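One letter stands for each residue in the lines below.
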Amino acid sequence: MDLHGKRALVMGLGVHGGGLGVARFLAGQGAEVTVTDLRGPEQLQSSLAALAGFPIRFVLGRHDDDDFRSTDLVIRNPGVPRESRFLQIARAAGAAVEMEMTLFFRLCPGPILGITGTKGKTTTTLLAAALLREQWPDTVVAGNLRISALDALPQIAPTTPVVLELSSWQLEGLDEAGLSPRLACVTNLSPDHLDRYGSMEAYGAAKQAIFRHQGPAGMAVLNHD
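The following refers to the structure shown. On a predicted model such as this, the values are computed, not experimentally measured, just so you know. (Residues numbered from 1 in each chain as written. Predicted model: local features only at pLDDT ≥ 70, side-chain atom pairs only at ≥ 80, totals over all residues. Heavy atoms only, no water.)

In this section: the overall build of the protein. Summing up its helical and strand segments, the protein has 10 helices and 10 strands in all. In terms of overall dimensions, the protein has a C-alpha envelope of 50 × 40 × 35 Å along the principal axes. A total of 225 residues make up the protein; the buried ones form 48% of that total. Of the contacts formed within the protein by residues at least 6 apart in sequence, a portion of 68% connects residues at least 24 apart. Of the roughly 10800 Å² of accessible surface on the protein, 54% is carried by carbon and sulfur atoms. The positive charge centre, built from 20 side chains, and the negative charge centre, built from 23, are 1 Å apart in the protein. (Helix = DSSP H or I, 4+ residues; strand = E, 2+ residues; numbered from the N terminus. Buried < 20%, exposed > 50% of the residue type's maximum accessible area, 1.4 Å probe, protein only. Contact = heavy atoms within 4.5 Å. Areas by Shrake-Rupley, 256 points an atom, 1.4 Å probe, with all protein chains shown as cover. Lys, Arg positive; Asp, Glu negative; His and termini not counted. Charge placed at Lys NZ, Arg CZ, Asp CG, Glu CD.)

See below:
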């Protein structure tokens, strides 16, 4: 994936590390980076301080339609609905829409274990990583843990195990890109985020993306109950 010279728009910087990691990664790859967020600089102070010195253009407190019409690539924060009007503008203009996780999956050389579920994701992810580190000390843990997966990319070799906590929102992006981890685990499924999904069927379908696009070598571990 050659990002040098590409116009890249990060939609949603946030304060939990994901948008920060994406912006830092894109700038390091030589992309022309714009970060846009509905929040103002006072709310994003810590993230902006961490990006000081990077050649990044910021549009804060608003989104501008023209930014979405004149970009090659949009990386949306997981909290941005995929039906967003701004994403529709970008797609209509021919831009690719990605998320941090889709970029990471395309670039990660190591085997990925993805873990999702309504409850228990974090505990299961950290426990799995601790077990793997007994055999492979370089095991990487990231994902929906306020840890940027892209920040960890330089330390991942083809033999480095990667354990990712994946939210339903992150899985939406992977589903759209046709990507699933080779190893998947679903801890459980119970009513949650129904304000966004509208039904348990739609919520469950989002979770199923963790194994929907696995190949013949894929494995999924499910809760028997």
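Tracing the chain through its elements places Thr71 in the loop between α3 (65-69) and β4 (73-76). Of note is the side chain of Thr71, whose polar atom sits 2.9 Å from the backbone oxygen of Arg7. A polar side-chain atom of Thr71 sits 3.1 Å from the main-chain carbonyl oxygen of Leu73. With sequence-adjacent residues up to four places away left out, Thr71 is seen in contact with Arg7, Ala8, Leu9 and Ala95. (Polar contact = N/O pair within 3.5 Å; in protein donor to acceptor, adjacent residues only side chain to side chain.)

This brings us to the packing of helix α5 (residues 100-107) against helix α8 (residues 168-177). Viewed as axis vectors pointing N to C, α5 and α8 meet at an angle of 55°, and their least axial separation amounts to 8 Å. What the angle tells us is that α5 and α8 run oblique. For the pair α5 and α8, the sense of crossing is right-handed. Residue-level inspection shows Met101, Thr102, Phe105 and Arg106 of α5 in contact with α8, the latter providing Gln170, Gly173, Leu174 and Ala177. Looking at side-chain class alone, the contact of α5 with α8 contains 4 nonpolar, 3 polar and 1 charged residues. (Axes fitted to C-alpha atoms, helices over the stretch in contact; angles between N-to-C directions. Parallel < 35°, antiparallel > 145°, perpendicular 65-115°, else oblique. Left-handed = near helix turned anticlockwise from the far one by under 90°. Nonpolar A, V, L, I, M, F, W, Y, C, P; charged D, E, K, R; others polar.)

In this structure, Arg146 takes a positive phi of about 60° despite not being glycine. Relative to the helices and strands, Arg146 is located in the loop between β7 (140-143) and α7 (149-152). Residue Arg146 is classed as exposed on the basis of its relative accessible area of 63%.

In space, the 5 strands of this open sheet follow the order β7-β8-β6-β9-β10, with parallel pairing throughout. Two strands in the sheet have a free side with no partner beyond their single neighbour: β7 and β10 (219-221). Strand-to-strand twist of the sheet, defined as the mean angle between neighbouring strand axes without regard to direction, takes the value 20°. Of the strand pairs in this sheet, strand β6 (residues 112-116) and strand β9 (residues 183-186) are connected by 4 bridges, and their pairing is parallel. Paired with Leu113 across the strands is Leu183, a residue of β9. Most of the contacts of α5 go to strand β8 (residues 162-165), to which it runs at about 165°, and overall it touches β6, β7 and β8. The sheet contacts of helix α6 (residues 121-135) involve β6, β7 and β8, and relative to β8 the element is tilted by about 175°. (Pairing = 2+ DSSP bridges.)

In an α-helix there are 3.6 residues to a turn, and that puts residues three or four apart on one side. Of all the residues in helix α4 (residues 85-92), the buried ones are Phe86, Leu87, Ile89 and Ala90. Down the axis, α4 shows its buried residues gathered within 155° of arc, on one side only. Buried residues in α4 make contact with β1 (7-11), α3, β4 and β5 (96-98). Of the residues flanking the start of α4, the one acting as N-cap is Ser84, its side-chain oxygen 3.2 Å from the backbone nitrogen of Phe86. (Arc of directions from axis to C-beta.)

A word on the pairing of β6. The side chains of a regular strand alternate between both faces of the sheet. Within β6, 5 of the 5 residues are buried, which leaves it mostly tucked inside the rest of the structure. On β6, burial covers both faces: Ile112, Gly114 and Thr116 on one face and Leu113 and Ile115 on the other are all buried. Relative to β8, β6 runs parallel, the two sharing 4 bridges. Along β8, the bridge assignment pairs Gly114 with Leu164.

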